[in-house]
Amino acid sequence: MTLPLVLDLRDRRVLLVGGGPVSARRARTFVDEGAAVRVVAPWLCEELVELWRAERVEWVERDYAGPTDLDGAWLAHTATGDPQTDRAVADDAHAARVWCIDATSAERTAAAVPARAQVDSPDGTVTVATHVGGDPRTARAATQQVARLVDEAISDGRISLQRNRTRESGWVALIGGGPGSDGLLSRRAHELLAVADVVVIDRLAPTGVVSRLPESVRVIDVGKTAGHHPVPQDRINQILVAEAERGLGVVRLKGGDPYVLGRGGEERQFCEEHGLPVEVVPGVTSAIAVPAAAGIPVTHRGVARGFTVVTGHEDVPALPTGGDHTLVLLMGVAGLRRTAGLLIAHGRDPECPVAIVERGFLPDQRTTVGTLRTIADRADEVGVEAPAVIVVGDVVRLATQH
């Protein structure tokens, strides 16, 4: 029977007997844990020489001399490749009541270093360790599998490793939620959601990830629809500051990207003016992702060499008029008829292709195709509704979904 333990080796001496690659791997592990490592060996492999030259290990250049080499050691490790020497180190360590890892014999060793893997989390590094007596290959495979599961669980918020924080450590994170599919959230977004106390969401934020948040997380809905802003922007700014000043971790979860027509810059400035740390996590902007979901690239060799993203809430400015320059309109459904007329007045061909992609990446995604001359009527006929992205340009002919 074995009992897994965690040892604090900081500033404690660890004796390594043997200067080969096995000792080198263990030496690096022990040094990284803060141990004072002494190597007893007549020669050192290249990796140990590097550690010694960097003054990270002490080297005693000779063969093992007996029990006196164990003086002051808390842990010993032997891997000389000579069975007689390795057994002597293990026997001397046992007599001195010093735990000894005999890397040459899984059956005889009194201690062992398990297979390990590390997983990053918002609160530090998580170490996953597995011990399978006498079978290091199985231990490594099991460790990697468990580490992947832990990583996935941290990323999607199923487990939170949040430490108790003092109530002076509030923070704000502006997270882009992408076009609405949980699968397009970044890993960093999942990490911050897993440790948030408060989540302030938009109407277009990914609903699936929000529904899986723990009940202890307070969700504040500040969503806006066309012509209806129940929570104005200045009030949203105040909410972020007020919650973070209480020492809470606040995530502002938006659809798309916070810096692409998302007013994220205003929110960051307001929070920083109040002395709060702000992290911005980019999202997959709907301006590119939603057309892609309908098979429409915003640029394509021989078809379109550039693109412009504008808001449909305001009159479109004068833009390149050729079909080889793609125009992407966000929040443009309500003003579509006027926008189409302005584009024609600015010089766009009335027969320029237009696509409206509703609810990109969601199960009920729909694409409506027309021209600048017909698209407003087509939208009325089929009952187009927001959220939708409007694409104007020759790339619309590449659409795979009509």
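Owing to the predicted nature of the structure, the values given are computational and were not obtained by experimental measurement.

Criteria and cut-off values
- Residues numbered from 1 in each chain as written.
- Predicted model: local features only at pLDDT ≥ 70, side-chain atom pairs only at ≥ 80, totals over all residues.
- Heavy atoms only, no water.
- Helix = DSSP H or I, 4+ residues; strand = E, 2+ residues; numbered from the N terminus.
- Buried < 20%, exposed > 50% of the residue type's maximum accessible area, 1.4 Å probe, protein only.
- Areas by Shrake-Rupley, 256 points an atom, 1.4 Å probe, with all protein chains shown as cover.
- Lys, Arg positive; Asp, Glu negative; His and termini not counted.
- Charge placed at Lys NZ, Arg CZ, Asp CG, Glu CD.
- Contact = heavy atoms within 4.5 Å.
- Arc of directions from axis to C-beta.
- Core = buried A, V, L, I, M, F, W, Y, C linked by side-chain atoms within 4.5 Å.
- Pairing = 2+ DSSP bridges.

Turning our attention to the overall build of the protein. Counting its regular elements, the protein contains eleven helices and 17 strands. Based on the C-alpha atoms only, the size of the protein along its principal axes is roughly 95 × 50 × 40 Å. The 402 residues of the protein split such that 46% are buried. Counting only carbon and sulfur atoms, one obtains 51% of the accessible surface of the protein, whose full area is about 20800 Å². The centroid of the 43 positive side-chain charges in the protein is displaced by 2 Å from the centroid of its 53 negative side-chain charges.

To continue, consider the environment of Leu327. When you line up the elements, Leu327 lands in strand β14 (residues 325-330). Looking at Leu327, the relative accessible area reads 1%, which means it is buried. As a C-alpha pair, Leu327 and Val310 span 17 residues in sequence and 7.7 Å in three-dimensional space. Apart from residues no more than four positions distant in its own chain, Leu327 is found in contact with Thr308, Val310, Leu319, Leu343, Arg348, Ile390, Val391 and Val392.

Our next topic: helix α2 (residues 46-53). Regarding α2, the residues found buried are Leu48, Val49 and Leu51. Mapping the buried residues of α2 onto a view down its axis gives an arc of 160 degrees, with all of them on the same face. Residues of α2 that are exposed and point over 90 degrees away from its buried face: Glu46 and Arg53. Turning to α2, the residues buried within the fold contact α1 (21-32), β2 (36-40) and β3 (57-60). Phi turns positive, to about 60 degrees, at Glu55, one or two residues after α2.

Ranked by internal contacts, the top residues of the largest apolar core, which has 20 residues, are Val14, Leu16, Phe30, Val37, Val39 and Leu48. Within the residue set of this core, elements represented by two or more residues are β1 (13-17), α1, β2 and α2. Setting aside anything within four residues of it in sequence, one finds Val37 in contact with Val14, Leu16, Ala27, Phe30, Val31, Val57 and Glu58. Among the nonpolar cores identified, the runner-up in size contains 19 residues, and Ala173, Val210, Leu213 and Val281 belong to it.

What follows concerns the pairing of strand β11 (residues 249-254). In terms of burial, β11 is largely enclosed, as six of its six residues are buried. As judged from the six bridges shared by strand β8 (residues 171-176) and β11, these two strands associate in the parallel manner. Note on β11: the bridge partner recorded for Ile175 is Leu253. Of the pairings in the sheet, the one linking strand β9 (residues 198-201) to β11 comprises four bridges and is parallel in character. Bridging from a neighbouring strand, Val198 pairs with Val250 of β11.

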